[in-house]
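Letter by letter, the chains look like this.
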Amino acid sequence: MDRLVSLIEFPADDPDRARRFWSGLLGASFDDRSEGEGEGWQTRDPGPAIGVHRRGRGPGDTFSLPYFAVSDLGAALDLVKSLGGSVVHPGARWAICKDSEGSPFGLALSES
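The structure presented is a predicted model; accordingly, all values stated were derived computationally and were not measured.

1. Examining the overall build of the protein
A tally of regular secondary structure across the protein gives two helices and eight strands. Secondary structure elements in the protein, listed N-terminal to C-terminal, are β-α-β-β-β-β-α-β-β-β. For 112 residues, the compact-globule formula gives about 13 Å, and the C-alpha radius of gyration of the protein, at 14 Å, lands near that figure. Relative to all contacts within the protein whose residues are 6 or more apart in sequence, the contacts with residues 24 or more apart total 51%. Accessible surface, the protein: about 6,900 Å² in total, of which carbon and sulfur atoms supply 52%. When the 12 positive and 17 negative side-chain charges of the protein are each reduced to one mean point, those points stand 5 Å apart.

What follows is the structure, given as structure tokens:
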């Protein structure tokens, strides 16, 4: 499994306020997400992307989540389960999981 953080996602009650905060702190701009990236905004700078989306009731809407890039999502999800973690929301391009201690994280299919 790859170990690169590809995205850190922040749910927000007020996405405009959150984007101002993260933009001011990181000196980065947030662009609308493209089709397949989900709803919200994210940075396009080199390095891990920072994303903001409107808080909802989904599995990625309670806490900030780091997403790790993987080249084979199915194999990575099998590995998560075999190591005592759980898959909260499987998907074709990304998934939300919990580690063996219940901490949430995401896996994202790498583009390469």
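2. As for the environment of A76
With respect to the helices, strands and loops of the structure, A76 is situated in helix α2 (residues 73–82). Judged by relative accessible area, A76 falls into the buried class, the value being 4%. Once the C-alpha coordinates of A76 and A108 are considered, the two residues, 32 residues apart in sequence, prove to be 9.8 Å apart.

3. Things to note about the pattern of salt bridges
On inspection of all chains with the given rule, the structure shows four salt bridges. In this structure, E37 engages R44 in a salt bridge whose closest nitrogen and oxygen atoms are separated by 2.8 Å. Note on E37: relative accessible area 26%, which makes it partly exposed.

4. Some remarks on the pairing of strand β6 (residues 86–89)
As paired strands, β6 and strand β7 (residues 94–98) are joined by three bridges and run antiparallel to one another. Across the sheet, residue S86 finds its bridge partner in β7, namely K98. Hairpin remark: β6 followed by β7, antiparallel, with four residues in the connecting loop.

Definitions and limits used
- Residues numbered from 1 in each chain as written.
- Predicted model: local features only at pLDDT ≥ 70, side-chain atom pairs only at ≥ 80, totals over all residues.
- Heavy atoms only, no water.
- Helix = DSSP H or I, 4+ residues; strand = E, 2+ residues; numbered from the N terminus.
- Rg over C-alpha atoms; globule rule 2.2 N^0.38 Å.
- Contact = heavy atoms within 4.5 Å.
- Areas by Shrake-Rupley, 256 points an atom, 1.4 Å probe, with all protein chains shown as cover.
- Lys, Arg positive; Asp, Glu negative; His and termini not counted.
- Charge placed at Lys NZ, Arg CZ, Asp CG, Glu CD.
- Buried < 20%, exposed > 50% of the residue type's maximum accessible area, 1.4 Å probe, protein only.
- Salt bridge = Lys/Arg side-chain N within 4 Å of Asp/Glu carboxyl O.
- Pairing = 2+ DSSP bridges.

Note that all results are geometric; they support no functional claim without further evidence.
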